[in-house]
Amino acid sequence: MSERTLRRIVLALAVLAALFVVVQAAEFLAWRHGDHGGGVGDAIHRLNTDTITSMSIVGPVTAPVQLRRDGAHWTANGFPADSATVTRLLRAAATATLGPLAGRTTANHAVLGVTDSFAWKLTARSAHDSVSLVLGAPGNGDPGVYVRLPGRDTVYLVYGQLRPAVVNPIAVWRDRVVLHTDTTRLATVVFTRDRQTYVMQRGSRGWQGTSTDEPAALKETAAVMAELAHLEAMGFATDATPPRGNEVRHVTALTASGDTVANVELLGSVGNDWLVRVAGDSQVYVVSAFDGDRLSPRREELLPHH
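In this text the structure is predicted, and so the values were computed from the model without any measurement.

Calculation criteria
Sequence order as written defines residue numbering, which begins from 1 separately in each chain. Per-residue local features are limited, in this predicted model, to residues with pLDDT of at least 70; the limit for side-chain atom pairs, both in listing and counting, is 80 or more; totals at the level of whole chains, interfaces and linings are taken over all residues. The side-chain quantities take in all heavy atoms of the structure and omit both hydrogens and water. Comment: elements are numbered from the N terminus, with helices defined as DSSP H or I runs of at least four residues and strands as E runs of at least two. In this description, accessible areas are obtained by the Shrake-Rupley approach with a 1.4 Å probe, and a residue is regarded as covered only by the protein chains that are shown. Here the rule is simple: two strands pair whenever DSSP picks up at least two bridges between them. Note on definitions: a residue-residue contact is assigned when non-hydrogen atoms from the two residues lie within 4.5 Å. Here, axes are lines fitted to C-alpha atoms. For helices the fit covers the stretch in contact, and angles between N-to-C directions go from 0 to 180 degrees. Each residue after the first adds 1.5 Å to the expected span of a helix. Burial classes: relative accessible area under 20% of the type maximum marks a residue as buried, over 50% as exposed, and values in between as partly exposed (1.4 Å probe, protein chains only). Any Lys or Arg side-chain nitrogen located within 4 Å of an Asp or Glu carboxyl oxygen qualifies as a salt bridge. In predicted models, pLDDT denotes the confidence assigned by the predictor to each residue on a 0 to 100 scale. Think of it as the arc spanned by the lines of direction from the helix axis to the C-beta atoms.

Quick notes on the overall build of the protein
Point 1. Counting its regular elements, the protein contains nine helices and 19 strands.
Point 2. As displayed, the protein has an accessible area near 16,900 Å², and 54% of this comes from carbon and sulfur atoms.

Written out as structure tokens, the structure reads:
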């Protein structure tokens, strides 16, 4: 090999090395300025904020969800929101981190689940800003989701729990607590079931029937107290979900002074579950058959000695 040829090879390698440095520097500067192939990184950075005042979620098959901050609380489509579900979303937004580039063209969108017909769209708003993301399929390996911006082609993997925190129907976003009672205040519980009315009251040795000092069944009493303390619905009834059957049950809990602290009506079954209404609340809830039976046990189960 001649000296002239060797010089040309060295020069060519030097040019390639210089081009590599330039490309790497350009990519680094783009990363530093939040470009990230379509601004996904910048959007994730703007999502990492505790000043979010509202969020909208539009899924491919479920009804849209509008979350709004109302003072210290949140609402979901105008109803009180489940605080744990909202907190999970805010935490997921605050801890999301940008991963590697997953696709540059629309040819990859179907595989990555970011097409308009499959993806979920999240829009978060603060007092002076808003950011929208299109969330696709779960990422491979580490927890994550494929993300692009609306109207953009580039797709990135975003690490974290953003997708499972977003993809929920409205029933999950709403507060599903039916009852929250301080059972230490209770002195009497009145049941109506199977066309019978029966009562248990708190005595010196615990819960018992009214006509004898024999105690109420411990297991059933504990179940009633647990459901009165915290009864949570599976969902919410609509005008299109009429109850099946004619059975109606009532459970009324009173204090020693006779004040009613819980008045529950089990309206009838829907599938294998119960439609439930509480005095003072116009909402009709769907409660599992398991919880409904624990709240309103049969007389012979609760008071076996009567």
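What about the sheet that holds strand 1 (residues 54–58)?
Point 1. Within the open sheet, the nine strands sit side by side as 4-3-2-1-6-7-8-9-5. Their pairing is antiparallel. At either end of the open sheet lies a strand with only one pairing partner, and these are strand 4 (79–80) and strand 5 (97–103).
Point 2. With three bridges connecting them, strand 7 (residues 130–138) and strand 8 (residues 144–148) associate as antiparallel partners. Following the sheet pairing, Leu135 is matched in strand 8 by Val147.
Point 3. Along the sheet face, helix 3 (residues 83–95) touches strand 1, strand 2 (65–70), strand 3 (73–76), strand 5 and strand 9 (155–159) and points at about 95 degrees away from the line of strand 1.

A closer look at the sheet that holds strand 18 (residues 273–278)
Point 1. Strand order in the open sheet formed by eight strands is 13-12-11-16-17-18-19-15, and the pairing between neighbours is antiparallel. Single-partner strands in this sheet number two, and they are strand 13 (206–209) and strand 15 (235–236).
Point 2. Here strand 18 pairs with strand 19 (residues 285–287) via three bridges, running antiparallel. Note that in strand 19 the partner of Trp274 across the bridge is Val287.
Point 3. Sheet strands touched by helix 7 (residues 218–229): strand 11 (186–193), strand 12 (196–203), strand 13, strand 16 (249–255) and strand 17 (260–270). Its angle to strand 11, the strand with the most contacts, is close to 100 degrees.

Some details on helix 7
Point 1. The terminal C-alpha atoms of helix 7 lie 16 Å apart, and with twelve residues this matches the ideal 16 Å at 1.5 Å per residue to within 8%.
Point 2. Looking at helix 7, one finds that the buried residues are Glu220, Thr221, Ala223, Val224, Met225, Glu227 and Leu228.

Considering the pattern of salt bridges
Point 1. According to the stated counting rule, one finds ten salt bridges in the structure shown.
Point 2. Among the ionic pairs, Asp194 bridges to Arg193, the shortest N-O distance being 3.6 Å.
Point 3. Given a relative accessible area of 36%, Asp194 falls into the partly exposed group.
Point 4. A relative accessible area of 5% places Arg193 in the buried class.
Point 5. Salt bridges sharing common partners tie together Asp42, Arg46 and Asp129.

Remarks on the confidence of the model for the protein
Point 1. For the protein, the mean per-residue pLDDT works out to 85, and 84% of the residues sit at or above 70.
Point 2. A low-confidence stretch, residues 15–37 stays under pLDDT 50, and its non-local contacts, those more than four residues away or across chains, total twelve contacts.

Focus: unusual backbone geometry
Point 1. Positive phi, normally seen in glycine, also occurs at Asn77, with a value near 55 degrees.
Point 2. Turning to its location among the elements, Asn77 is positioned in the loop between strand 3 and strand 4.
Point 3. Here Asn77 falls in the partly exposed class, since its relative accessible area comes to 32%.
Point 4. One non-glycine residue with positive phi stands out, namely Asp194, at about 55 degrees.

A word on the side chain of Ser54
Point 1. Position of Ser54 among the secondary structure elements: in strand 1.
Point 2. Under the relative-accessibility criterion, Ser54 is labelled buried at 7%.
Point 3. Ignoring sequence-local partners within four residues, the contact set of Ser54 consists of Leu67, Arg68, Trp74, Thr123, Ala124 and Arg125.

What about helix 3?
Quick reminder: α-helices carry 3.6 residues per turn. Residues three or four places apart thus point the same way.
Point 1. The end-to-end C-alpha separation of helix 3 is 18 Å, in line with the 18 Å expected for 13 residues at 1.5 Å each.
Point 2. Restricting attention to buried positions, one finds in helix 3 the residues Thr85, Val86, Leu89, Ala92 and Ala93. Relative to the axis of helix 3, the buried residues are bounded by an arc of 125 degrees and lie together on one face. The exposed residues of helix 3 that point more than 90 degrees off its buried face are Ser83 and Arg91.

Notes on the environment of Leu218
Point 1. Residue placement: Leu218 occurs in helix 7.
Point 2. On the basis of relative accessible area, Leu218 is assigned to the exposed category, the value being 72%.
Point 3. Considered as a pair, Leu218 and Gln208 are ten residues apart in the sequence and their alpha carbons are 9.8 Å apart.

Quick notes on the pairing of strand 8
Point 1. In terms of burial, strand 8 is largely enclosed, as five of its five residues are buried.
Point 2. The alternating pattern of strand 8 places Gly144, Tyr146 and Arg148 and Val145 and Val147 on opposite faces, both of which are buried.
Point 3. Taken together, the four bridges between strand 8 and strand 9 define a ladder with antiparallel strand orientation. By the bridge assignment, Val145 is partnered in strand 9 with Val158.

Some details on the pairing of strand 7
The side chains of a regular strand alternate, residue by residue, between the two faces of the sheet.
Point 1. Summarising the sheet, strand 6 (residues 120–125) and strand 7 pair through six bridges and their orientation is antiparallel. Each residue of the ladder has a partner; that of Leu122, found in strand 7, is Leu133.
Point 2. Taking the residues between adjacent antiparallel strands as the criterion, strand 6 and strand 7 are bridged by four residues.

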